[in-house]
Amino acid sequence: MAGARGRHGRRVVGALVATAGAVLLLLAPPGAAAAAPGPAAHAGYQPVTGSNWSGWAAVGSGFTTVSAAWSAPTVRCGAPTQVVGPWVGLGGVVTNTVQQTGLEITCASGKPVYRAWYETAPQPPVYHPDPVGPGDRMTASVHRTATGYTLTIADTTRGWTRTAHTAHLQDDHASAEVVVESPTGAFPAFGSLTLSGATVDGRPLAATDPVGFESGTTDVRQTRTGPVRGGTFTVSYLHE
């Protein structure tokens, strides 16, 4: 947790600014042109490090809907502080508020505990009581309406769906994210996690010229974020 933020949705990189073009300047490798790349060019761009987010985010204004799917990873715990979770959300890159829903895998007594949740940071997360296990196929979406947000997560393997409705308590719609995060900054070994079917306002995530993130620092990377192609990318575990 950082400052007034909730368990998830911690501030990512302080140097990020509100315009997608300016953010993309941070992603270009040395000597590369500063022009924003098209959807097929992301493989040549280095995701931003120095955060606890791993994934991709559309940055701009007026986003209304983000969605994605994944299979719950098998996790090997090494310490009680280790946590990993994929989620989708609106807001959080430019400001300190984010509306999000996803899966959290927490290490407790050496074993992973799987829980679905939603959060309107900086408020704390709300956990759903429904069972989740490794290999379960999950879908998640956040939708902004005129009066609030609808946050939906489903475990299609076990056949349950949870939908929450929240007011515009923190109304940030300047970014839309599909992210794998460790809110404690310590990842358990999760292998690799592929997120698919990612869309922003009905468009494939790659079509938004998104910004990439990798957890850790330049010296010690905790994850590797693969290029986003259409609505699919993979985050791989490197280090706690």
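Residues numbered from 1 in each chain as written. Predicted model: local features only at pLDDT ≥ 70, side-chain atom pairs only at ≥ 80, totals over all residues. Heavy atoms only, no water.

1. Section: the pairing of strand β6 (residues 111-121)
Then comes step 1: Alignment of strand β5 (residues 98-108) against β6, held across eleven bridges, turns out to be antiparallel. Along β6, the bridge assignment pairs Val 98 with Ala 121.
Then comes step 2: Looking at chain direction, β6 and strand β7 (residues 126-127) are connected through two bridges and run antiparallel. Looking across to β7, one finds that Trp 117 is bridged to Tyr 127.
Then comes step 3: The loop that links β6 with its antiparallel partner β7 comprises four residues. (Pairing = 2+ DSSP bridges. Helix = DSSP H or I, 4+ residues; strand = E, 2+ residues; numbered from the N terminus.)

2. Considering the side chain of Thr 166
Then comes step 1: The topology assignment puts Thr 166 in strand β10 (residues 160-167).
Then comes step 2: The exposure class of Thr 166 is buried, given its relative accessible area of 16%.
Then comes step 3: Excluding anything up to four places from it in sequence, Thr 166 contacts Tyr 118, Thr 120, Thr 147, Gly 148, Tyr 149 and Leu 151. (Buried < 20%, exposed > 50% of the residue type's maximum accessible area, 1.4 Å probe, protein only. Contact = heavy atoms within 4.5 Å.)

3. Points about unusual backbone geometry
Both trends apply: most residues other than glycine have a negative phi, and most peptide bonds are in trans.
Then comes step 1: A cis amide bond links Ala 121 with the next residue in sequence, Pro 122, at an omega value of 20 degrees.
Then comes step 2: With respect to the secondary-structure elements, Pro 122 resides in the loop between β6 and β7.
Then comes step 3: The backbone phi angle of Asp 201 is positive, close to 50 degrees, even though this residue is not glycine.
Then comes step 4: Mapping Asp 201 onto the fold places it in the loop between β12 (192-200) and β13 (203-204).
Then comes step 5: Exposure remark for Asp 201: the relative accessible area of 34% places this residue in the partly exposed category.

4. Topic: the packing of aromatic side chains
Ring pairs (aromatic) are described by centroid distance and by the angle formed between their planes.
Then comes step 1: Under the defined criterion, the tally for this structure stands at four aromatic pairs.
Then comes step 2: Seen in terms of ring centroids, Trp 53 and Phe 213 are 5.8 Å apart; in terms of plane orientation they differ by 80 degrees. Their pairing is edge-to-face. Here the residue Trp 53 occupies a position in strand β2 (residues 53-59), and Phe 213 occupies one in strand β14 (residues 211-215), the gap between them amounting to 160 residues.
Then comes step 3: On the basis of relative accessibility, which here comes to 0%, the residue Trp 53 falls in the buried class.
Then comes step 4: A centroid spacing of 5.8 Å and a plane angle of 70 degrees characterise the contact between Phe 190 and Tyr 237, whose relative ring orientation is edge-to-face. Here Tyr 237 lies in strand β16 (residues 233-237) and Phe 190 lies in the loop between β11 (175-181) and β12, a separation of 47 residues in the sequence.
Then comes step 5: The exposure class assigned to Phe 190 is buried, which follows from its relative accessible area of 3%.
Then comes step 6: You can call Tyr 237 partly exposed: its relative accessible area is 25%.
Then comes step 7: An aromatic cluster of three or more residues is present, and its members are Trp 53, Trp 87 and Phe 213.
Then comes step 8: A cation sits over an aromatic face here: Arg 115 above Tyr 127, 3.7 Å from the ring centre. (Phe/Tyr/Trp six-rings, centres within 6.5 Å; stacked < 30°, edge-to-face > 60°. Lys NZ or Arg CZ within 6 Å of the ring centre and 35° of its normal.)

5. Quick word on the environment of Phe 233
Then comes step 1: Checked against the element boundaries, Phe 233 lands in strand β16.
Then comes step 2: You can call Phe 233 buried: its relative accessible area is 1%.
Then comes step 3: Taking the C-alpha atoms as reference points, Phe 233 and Val 178, separated by 55 residues in sequence, lie 9.7 Å from one another.
Then comes step 4: Sequence-distant contacts of Phe 233, defined by excluding residues within four places in its chain, comprise Gly 55, Trp 56, Val 178, Leu 193, Thr 194, Leu 195, Leu 205, Thr 225, Gly 226, Pro 227 and Val 228.

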